[in-house]
Amino acid sequence: MVFITQVSLWIIPLFIMIVLLVGTWKKVPSYELFVEGGKEGVKIAFSLLPFLVGMIVAISIFRSSGALDALIGLISPLLLFFGVPPEIVPLALIKPISGSAALGVTTELIATHGPDSFIGRLASTMQGSTDTTLYILTVYFGAVGIRKMGYALKVGLLADLVAIIAAIVIVTLVFG
Amino acid sequence: MVNLIWAFMAIIGIVYAMFNGTMDEVNKAVFESANEAVTLSIGLISVLVFWLGIMKIAEEAGILRGLAKIFRPIVVRLFPEIPKDHPAIGYILSNITANMFGLGNAATPMGIKAMEQMKQLSGSDEASRSMITFLAINTSSLTLIPTTVIAIRMQYDSMSPTEIVGTTILATMIGTLSAIIIDRLFYYQSTRRK
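On a predicted model such as this, the values are computed, not experimentally measured, just so you know. (Residues numbered from 1 in each chain as written. Chains lettered and ligands numbered in written order. Predicted model: local features only at pLDDT ≥ 70, side-chain atom pairs only at ≥ 80, totals over all residues.)

Draft legend 1. A look at the overall build of chain B. In terms of helices and strands, chain B carries eight helices and zero strands. Relative to the compact-globule value of 16 Å for 194 residues, chain B shows a C-alpha radius of gyration of 22 Å, a clear excess of over 25%. Burial statistics for chain B: of 194 residues in total, 51% are counted as buried. Summarising the internal contacts of chain B: among those between residues at least 6 apart in sequence, 63% fall at separations of at least 24. (Helix = DSSP H or I, 4+ residues; strand = E, 2+ residues; numbered from the N terminus. Rg over C-alpha atoms; globule rule 2.2 N^0.38 Å. Buried ≥ 20, exposed ≤ 12 C-beta atoms within 10 Å, placed from the backbone. Contact = placed C-beta atoms within 7 Å.)

Structure below.
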């Protein structure tokens, strides 16, 4: 398990090195391309801003009123039975529905519990390990005018469930 | 759906505060958390700019195309309905590789092109087998490096913002594999019924 944490530390610097080496070898204008791609990043950060403000404010109203604790208290015996930490439930519920909303929930969890806590690590892993099923179905089927989705939604949601369980098990094993 | 969840979190919170006597905390939370969200979004710029910049180089240097070559045999097998040299395979490959590098914006147009090609193959407004397989792979996310999460962890002073890369890749792989298996199971079930 130490191996996985080591890989995590090495993968990004190694990746940057390989990209720059290949880029230089292929004689592409790396710096100019970097700047061009970076401009996109500014745009994305600003377009995320309203999503984050909306979701984070709604969650903190819910939490600071005490309603979240009451809800967690109600359902936690059931979740504990399955080994799911109750704090993570809102994220698991919202993740398949809206990616930017889920990012807001993840941020809230990291801010409240700390990025290096068990909940913080689990939320980080879950955020990266599934995508927004409903959004993808809407965009892709909508774009080409597919009306009958068949079993697509069932497959997507079941796979989300497996990924969430996998994230819980893996994070428990690696960091537990 | 997300509209309902969002609105009800705030509504329930405010109603609960009325009875719980926590209106003061709610008041504070509204403005403090809005402020926090803005600070956070601005903090995300650093990582997003750097990462998308590096990715642009990777794209132009042909690293994405090279990866597509490696994955070709797997993809051809995953989509038995699509002829081997059909352009749909090419679009599916670029969509998957762009996704792996966290280039969501580049991945979506490729994905839509792939869907158009698959629709021409099936010629109906019903989702075909290949379309559902393609969406199953896409919804399970293929991200290798979760840039945004790393940025958020940095914002909150993580001792090791990237320590979750390994666990994320493992969870993603399990998710994608099970998406493919679940997709196959549903497909065989649907053919048996006919």
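What follows picks up the thread again.
Draft legend 2. Highlighting the interface of chain A and chain B. Contacts between chain A and chain B engage 90 residues on the former and 87 residues on the latter. Looking at the side of chain A that touches chain B, the elements that each hand over two or more residues are α1 (2-25), α2 (30-64), α5 (99-113), α6 (118-129), α7 (133-144) and α8 (152-175) of chain A. Take the side of chain A that touches chain B: its biggest share by element is 26 residues, from α2(A). Each residue belonging to the side of chain A that touches chain B can be placed in one class, and the counts come to 55 nonpolar, 26 polar and nine charged. (Nonpolar A, V, L, I, M, F, W, Y, C, P; charged D, E, K, R; others polar.)

Draft legend 3. Main features of the nonpolar core. Of all hydrophobic cores here, the largest spans 104 residues; its most connected members are Leu91(A), Ala167(A), Ile92(B) and Leu135(B). The leading source of residues in this core is helix α2 (residues 23-60) of chain B, at 14 residues. Contact partners of Leu135(B), with chain neighbours within four places excluded, come to Ile136(A), Leu137(A), Tyr140(A), Ala152(A) and Gly156(A). (Core = buried A, V, L, I, M, F, W, Y, C linked by C-beta atoms within 7 Å.)

Draft legend 4. Spotlight on the packing of α5(A) against α6(A). Residues and elements named next belong to chain A. Following both chains from N to C, one finds α5 and α6 inclined at 160°, their axes separated by 8 Å at the closest point. By the angle between their axes, α5 is roughly antiparallel relative to α6. When you trace α5 past α6, the crossing you get is left-handed. Judged by residue contacts, Ala-102, Leu-103, Thr-106, Leu-109, Ile-110 and His-113 of α5 engage Ile-119, Gly-120, Ala-123, Ser-124 and Gln-127 from α6. Tallied by class, the residues present in the contact of α5 with α6 amount to six nonpolar, five polar and no charged. (Axes fitted to C-alpha atoms, helices over the stretch in contact; angles between N-to-C directions. Parallel < 35°, antiparallel > 145°, perpendicular 65-115°, else oblique. Left-handed = near helix turned anticlockwise from the far one by under 90°.)

Draft legend 5. Highlighting the environment of Ala111(A). Among the secondary structure elements, Ala111(A) is positioned in helix α5. Through-space distance from the C-alpha of Ala111(A) to that of Val169(A) is 23 Å; in sequence the pair is 58 residues apart.

Draft legend 6. A look at unusual backbone geometry. Here the phi dihedral of Lys27(A) falls at roughly 60°; this positive angle occurs in a residue that is not glycine. Mapped onto the fold, Lys27(A) is located in the loop between α1 and α2. Notably, Asp157(B) is not glycine yet its phi reads approximately 55°, a positive angle. Counting through the fold element by element, Asp157(B) comes out in the loop between α7 (147-155) and α8 (165-193). C-beta crowding within 10 Å serves as the criterion here: with 10 such atoms nearby, Asp157(B) is assigned to the exposed category.

Draft legend 7. Just the confidence of the model for chain B, in detail. Residue and element names in this part refer to chain B. For chain B, the average pLDDT comes to 86, and 96% of its residues sit at 70 or higher. When mean pLDDT is taken per element in chain B, helix α6 (residues 129-139) scores highest with 91 and helix α5 (residues 104-122) scores lowest with 83. At the level of chain-chain contacts, confidence expressed as ipTM amounts to 0.77, with global pTM at 0.77. (pLDDT = per-residue confidence, 0-100.)

Draft legend 8. View of the packing of α6(B) against α8(B). Residues and elements named next belong to chain B. Two elements in contact, α6 and α8, have axes separated by 8 Å at closest approach and are oriented at 155°. Considered as vectors, α6 and α8 are oriented roughly antiparallel to each other. As for how α6 packs across α8, the hand of that crossing is right-handed. Residue-level inspection shows Arg-129, Ile-132, Thr-133, Ala-136, Ile-137 and Thr-139 of α6 in contact with α8, the latter providing Thr-176, Ala-179, Ile-180, Asp-183 and Tyr-187. Residues that form the contact of α6 with α8 fall into these classes: six nonpolar, three polar and two charged.

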